[in-house]
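Structural overview
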Amino acid sequence: MNIKLLFFLILTLYYVTGYTQTDIDTKKNQLELLTGYNFGALKNLALAPLSLYEYNGLYHQLKYTRTTTKKNLVELKIGYLESGLTSNLIPELNLPYYSKITLDFSYLKRVFDTDKFSIHVGLQTQTNMSSFSKFGQKTNIFSRKDDVFDFQQKLGITGQLIYKINNKNSLSSKLTIPFMMWRTSTFEENLYSLKSYQSILWNNEYTYKLSNHFDVKINYNFNYDRLQISNAYRELQQQINLGINIKF
């Protein structure tokens, strides 16, 4: 074989291999699967005028993230929780069934990026669909008859900070402040702004890189909602989750 041709083929192979490796290392899509434990407290005067409920149970989450060519982030997340509601004040008002589905969509624009730090800001919507049993009766969120439900649609501003400790370890923190909520339920239908509605969604995460395709994560979520109306509404949730992140 001609030496020049052999040299050309070697250089071509080296270039293609290097290009392919760079492309593999830069993943545009991530699919995250998390499961963990939820601690919550709920006060809904329309549901039970004198009772503060506590609940806990397993929480499951599926999240998809797309990184654009400009390193902006598009995120879609769905979570599910099922538990009973327990009242220490009036045990007779205990509810044996409570389910909650959350659907989050956010678009985050990159505003700062270095080898160690990156900051993104944007908007996030969150849809909450909750279903309650009547006293002593089990129902579910898709029931058409005798269903007690609460549907909430939130819109807020969000910011995320990512810190890369090294090639294997990283930390991230995402804070969302909803400023508007539309609520329709068995109890009422109304639109609320910051004057009567306050909320915070805070997510903190540690990530360990196993390979170019897989990460493992430890996740802590803190959610708080407050409605200052005659039928006052409060809900506090804390979650500790473990999961895996698939990059492709």
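What counts as what
- Residues numbered from 1 in each chain as written.
- Predicted model: local features only at pLDDT ≥ 70, side-chain atom pairs only at ≥ 80, totals over all residues.
- Heavy atoms only, no water.
- Helix = DSSP H or I, 4+ residues; strand = E, 2+ residues; numbered from the N terminus.
- Buried < 20%, exposed > 50% of the residue type's maximum accessible area, 1.4 Å probe, protein only.
- Contact = heavy atoms within 4.5 Å.
- Areas by Shrake-Rupley, 256 points an atom, 1.4 Å probe, with all protein chains shown as cover.
- 1 Å grid on protein atoms, 1.4 Å probe; cavity = no way out; pocket = protein on both sides within 12 Å on 5 of 7 lines; lining within 4 Å.
- Points joined across faces, edges and corners; volume = space filled by probe spheres on them.
- Nonpolar A, V, L, I, M, F, W, Y, C, P; charged D, E, K, R; others polar.
- Salt bridge = Lys/Arg side-chain N within 4 Å of Asp/Glu carboxyl O.
- Core = buried A, V, L, I, M, F, W, Y, C linked by side-chain atoms within 4.5 Å.
- Phe/Tyr/Trp six-rings, centres within 6.5 Å; stacked < 30°, edge-to-face > 60°.

Moving on, we come to the overall build of the chain. What the chain contains, in helices and strands, is one helix and 11 strands. Scanning the chain from its N terminus toward the C terminus, one meets helices and strands in the order α-β-β-β-β-β-β-β-β-β-β-β. Across the 248 residues in the chain, those meeting the buried criterion constitute 38%. For the chain, the share of sequence-separated contacts (at least 6 apart) that also reach a separation of at least 24 residues comes to 60%. On the chain, roughly 14200 Å² of surface is accessible, and the fraction owed to carbon and sulfur atoms is 65%.

The subject of this paragraph is the layout of surface pockets. By volume, the largest pocket is sized at about 1300 Å³. Together, 39 residues line the largest pocket, and Lys-27, Gln-30, Ile-162, Lys-164 and Lys-247 are the ones closest to its centre. When the residues that make up the lining of the largest pocket are grouped by side-chain class, the tally is three nonpolar, 19 polar and 17 charged.

Take the pattern of salt bridges next. Following the criterion strictly, the structure yields 12 salt bridges and no others. For Lys-217, the salt bridge identified is with Glu-32, shortest N-O distance 2.7 Å. Taken together, the residues span a long stretch of sequence, with Lys-217 in strand E10 (residues 214–227) and Glu-32 in strand E1 (residues 29–44) at a distance of 185 residues. Pair check on accessibility: Lys-217 and Glu-32 agree, each one buried. Two residues, Asp-113 and Lys-71, come together in a salt bridge whose shortest N-O distance is 3.4 Å. Within this pair, whereas Asp-113 is found in strand E4 (residues 95–113), its partner Lys-71 is found in the loop between strand E2 (53–67) and strand E3 (73–87), the two being separated by 42 residues in sequence. Since its relative accessible area comes to 33%, Asp-113 is described here as partly exposed. It is possible to trace a salt-bridge network through shared partners that takes in Glu-32, Glu-205 and Lys-217.

With that settled, consider the nonpolar core. Among the nonpolar cores identified, the biggest contains 17 residues, and Leu-42, Tyr-53, Leu-85 and Phe-132 are the most heavily contacted of them. Within the residue set of this core, elements represented by two or more residues are E2, E3 and E4. Examining the composition of this core, we find that three residues originate from one element, E2, more than from any other.

In this section: empty space enclosed by the protein. Going through the model one piece at a time under the given rule, you end up with two cavities of 30 Å³ or more. Within this model, the largest cavity holds a volume of roughly 350 Å³. Sorting the residues of the lining of the largest cavity by element identifies E2, E3, E4, strand E5 (117–132), strand E7 (169–185), strand E9 (197–209), E10 and strand E11 (233–247) as the ones contributing at least two each. Sorting elements by how many residues they give to the lining of the largest cavity places E4 first, with five residues. For the lining of the largest cavity, the per-class residue count stands at six nonpolar, 13 polar and 10 charged. Roughly 30 Å³ of volume is contained in the second largest cavity. If you go around the second largest cavity, the residues you meet are Gln-124, Thr-125, Gln-126, Lys-154, Leu-155, Gly-156, Thr-176, Pro-178 and Leu-201. For the lining of the second largest cavity, the secondary-structure elements that each account for two or more residues are E5, strand E6 (148–164) and E7. Looking at the lining of the second largest cavity, its residues break down into three nonpolar, five polar and one charged.

Under the defined criterion, the tally for this structure stands at five aromatic pairs. Ring geometry for Tyr-55 versus Tyr-98: centroids 5.1 Å apart, planes at 65°, classification edge-to-face. Taken together, the residues Tyr-55 in strand E2 and Tyr-98 in strand E4 connect sequence positions 43 residues apart. Side by side, Tyr-55 and Tyr-98 carry an identical accessibility label, which is buried.

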